[in-house]
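# Structural features, examined
Each chain is listed here by its residues.
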Amino acid sequence: QVQLVESGGGLVQAGGSLRLSCAASTRTFTGYTLGWFRQAPGKDREFVGSISWSADSVSYTNSVKGRFAISRDNAKNTVYLQMNSLKPEDTAVYYCAAEWRGLGLGDARTYTYWGQGTQVTVSS
């Protein structure tokens, strides 16, 4: 069982930045691919990006490429989502997810463990 706890959400003006963190409670963190998803009110959960267990592969959905960056610190069992140039349409609850030796796909069904989410609100 892996517990994931997100933090770092909040209210920011358009054009601003936020860094989300997701801390994992597992001794085998290096074996997990981590994904970030988001869900806006009335919309389906959307893939944001992922970082592979080996950290040699990072992928993003097109709408955040060049603005968001995912990284991981294996010593701290933490994955980060740096969000720059935020737009009102980035407003959502952001979730991190983990999958053992996952492929980092955009399908939420491929992830086993999920955090509780953190709210990000971007004002115009």
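Here, the structure is the one placed above.
The sections below set out a description of the structure shown in this document.

## Comments concerning the state of the cysteines
This structure, assessed with the given rule, holds one disulfide. One disulfide bridge connects Cys22 with Cys96, the sulfur atoms lying 1.9 Å from each other. Looking down the S-S bond of the Cys22 and Cys96 bridge, the torsion is 45 degrees, so its handedness is right-handed. Linking Cys22 in strand 3 (residues 18-25) with Cys96 in strand 9 (residues 92-100), this pair joins segments that are 74 residues apart in sequence. Look at Cys96 and you get buried, because its relative accessible area is 0%.

## Points about the side chain of Asp90
By secondary structure assignment, the location of Asp90 is in the loop between strand 8 (78-83) and strand 9. Asp90 gets classed as buried once you look at its relative accessible area, which sits at 1%. In contact with Asp90, other than residues within four places in its own chain, are Arg38, Arg67, Phe68, Ser85, Val120 and Val122.

## Quick word on the sheet that holds strand 7 (residues 68-73)
Strand pairing within a sheet occurs via backbone hydrogen bonds; the two strands may be parallel or antiparallel. In spatial order, the strands read 1-3-8-7; together these four strands make up an open sheet with antiparallel pairing. The open sheet has two free edges, formed respectively by strand 1 (3-7) and strand 7, since each of these has just one partner strand. Neighbour-to-neighbour, the strand axes of this sheet turn through a mean angle of 15 degrees, independent of strand direction. With five bridges connecting them, strand 1 and strand 3 associate as antiparallel partners. Bridge pairing links Val5 to Ala23 in strand 3.

## So, the pattern of salt bridges
Oppositely charged side chains may form a pair once their charged atoms are brought near each other. Enumeration over the complete set of coordinates arrives at four salt bridges. In this structure, Asp107 engages Arg109 in a salt bridge whose closest nitrogen and oxygen atoms are separated by 2.8 Å. For Asp107, a relative accessible area of 27% gives the class partly exposed. The class for Arg109 is exposed, based on a relative accessible area of 74%. Connected through salt bridges with shared partners, the residues Arg38, Glu46, Arg67 and Asp90 form a single ionic network.

Cut-offs applied
- Residues numbered from 1 in each chain as written.
- Predicted model: local features only at pLDDT ≥ 70, side-chain atom pairs only at ≥ 80, totals over all residues.
- Heavy atoms only, no water.
- Disulfide = S-S within 2.5 Å.
- Helix = DSSP H or I, 4+ residues; strand = E, 2+ residues; numbered from the N terminus.
- Buried < 20%, exposed > 50% of the residue type's maximum accessible area, 1.4 Å probe, protein only.
- Contact = heavy atoms within 4.5 Å.
- Pairing = 2+ DSSP bridges.
- Axes fitted to C-alpha atoms, helices over the stretch in contact; angles between N-to-C directions.
- Salt bridge = Lys/Arg side-chain N within 4 Å of Asp/Glu carboxyl O.

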